[in-house]
Amino acid sequence: MEGGIEEPGNIDQSTMSKRQRKRLQKRQFFVEHRKIKRKEKKERKKAKKRKLQEEKETEDGKEGVSSASDNLANNKEKLSLNATKKKFKSMNSEHASPLRVAIDLSFDDLMTDRDIHKLLKQIQRTYSMNRRADRPVQLYLTSFGGRSKTILDEIHCKFTSWDVHIREESYGDVFSQEDVVYLTSDSPNVLSEVDESKAYIIGGLVDHNYHKGLCYRLAVERGIAHARLPITRKIGATENEGHKKTGNEARKDVNAEEETDESVEGNGEDPNL
């Protein structure tokens, strides 16, 4: 009996009419065909399940290969970044340069707060580049105590922890006059080489040319040596073209004499810093 129906093979057909036998044969065909269909359906389900499993394993394999490839690429990138990333070096390290570079901060009263903020950003960038240089120079901030210091205090800048020589005195009280060379683009003297025994001064003044030539005039009045960096020679221009260089670019080129692969970009707004 299957599904409440007696199997056709167990029925005595001798007493059945011709019509009943046809009906029985039809029923017998239906039962046998249903068994076959059920078997085929079961096989299809198994085959579908196997296919899905194989597809999943293939997909997992691809993801595993892709993930491994991505991890390898990421590891290579990290190694490359770590290899190129330079460690901070102190001015007191054995690799440090004895060259002294000072930023003269005695011009706060000639600048607006907005320009002082620009100046301080340039100083922060200069400090950052010097920390990453192979041979960091001895970086000084002189005449530090005016509006520049007040603004740094207001923005909670931890400048006291900087690896910088910070002095409230003017550069004239920090260095001997014989050692001082004031870098200004207005000087007729071209700096042909960097003397590590000298102290090079850069005017911390963002003035948009309102006080053009001020640093040069002050150097002349005080009897201090002055010079301009050989910018025109380096870029292939003639000296008569009168190329002026910003103080921020000046710091870059002085540092480049010690470390050629380090650079600081000026913002083009500042003739002295």
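Looking up the chain in an unreviewed UniProt entry gives the name tRNA (guanine(9)-N(1))-methyltransferase, with the organism given as Stylophora pistillata. Heading Catalytic activity (unreviewed entry) of the UniProt record for the chain holds this comment: "guanosine(9) in tRNA + S-adenosyl-L-methionine = N(1)-methylguanosine(9) in tRNA + S-adenosyl-L-homocysteine + H(+)".

Break down the sheet that holds strand 6 (residues 225-227) for me, with residues and values.
Ordered by their spatial adjacency, six strands build an open sheet running 3-2-1-5-4-6, and the pairing between neighbours is parallel. On the outer flanks of this sheet lie strand 3 (165-166) and strand 6, each paired with one strand and no other. Alignment of strand 4 (residues 180-183) against strand 6, held across three bridges, turns out to be parallel. Residue pairing across strands places Leu183 opposite Ala227, the latter belonging to strand 6. Packing of helix 5 (residues 214-221) onto the sheet brings it into contact with strand 4, strand 5 (199-203) and strand 6, and relative to strand 6 it is tilted by some 150 degrees.

So what's going on with the nonpolar core? Residues and values would help.
Ile123, Trp162 and Phe175 are the most contacted members of the largest nonpolar core, which totals 45 residues. If you list the elements that add at least two residues to this core, you get strand 1 (100-104), helix 2 (113-132), strand 2 (138-142), helix 3 (147-154), strand 4, strand 5 and helix 5. At five residues, the largest contribution of residues to this core is made by helix 2. In contact with Phe175, not counting residues within four places along its chain, are Arg100, Ala102, Tyr140, Thr142, Val180, Ala199 and Ile201.

Just give me the short version of the packing of aromatic side chains, but keep the residues and values in it.
Inspection of every chain in the model, using the stated rule, returns four aromatic pairs. Ring centres of Tyr127 and Trp162 lie 5.1 Å apart, and the angle between their planes is 15 degrees; this geometry places the pair in the stacked category. With Tyr127 in helix 2 and Trp162 in the loop between helix 3 and strand 3, the pair connects residues that are 35 residues apart, well separated along the chain. In this structure Tyr127 comes out as buried when scored by relative accessible area, which is 14%. The class for Trp162 is buried, based on a relative accessible area of 14%. Both rings, one in Phe144 and one in Phe159, keep their centres 5.1 Å apart while their planes meet at 65 degrees; by these two values the pair is edge-to-face. Note that Phe144 is positioned in the loop between strand 2 and helix 3 and Phe159 in the loop between helix 3 and strand 3, a separation of 15 residues in sequence.

Explain the pairing of strand 5 to me, using residue names and the numbers behind them.
With five of its five residues buried, strand 5 lies for the most part within the structure. In strand 5, alternate side chains face the same way, and those of Ala199, Ile201 and Gly203 on one face and Tyr200 and Ile202 on the other are all buried. The sheet contact formed by strand 1 and strand 5 spans five bridges and is parallel. Paired with Asp104 across the strands is Gly203, a residue of strand 5. With four bridges connecting them, strand 4 and strand 5 associate as parallel partners. Paired with Val180 across the bridge in strand 5 is Ala199.

The rules we used
- Residues numbered from 1 in each chain as written.
- Predicted model: local features only at pLDDT ≥ 70, side-chain atom pairs only at ≥ 80, totals over all residues.
- Heavy atoms only, no water.
- UniProt positions renumbered as here; feature names shortened; annotations may be inferred.
- Pairing = 2+ DSSP bridges.
- Helix = DSSP H or I, 4+ residues; strand = E, 2+ residues; numbered from the N terminus.
- Contact = heavy atoms within 4.5 Å.
- Axes fitted to C-alpha atoms, helices over the stretch in contact; angles between N-to-C directions.
- Core = buried A, V, L, I, M, F, W, Y, C linked by side-chain atoms within 4.5 Å.
- Buried < 20%, exposed > 50% of the residue type's maximum accessible area, 1.4 Å probe, protein only.
- Phe/Tyr/Trp six-rings, centres within 6.5 Å; stacked < 30°, edge-to-face > 60°.

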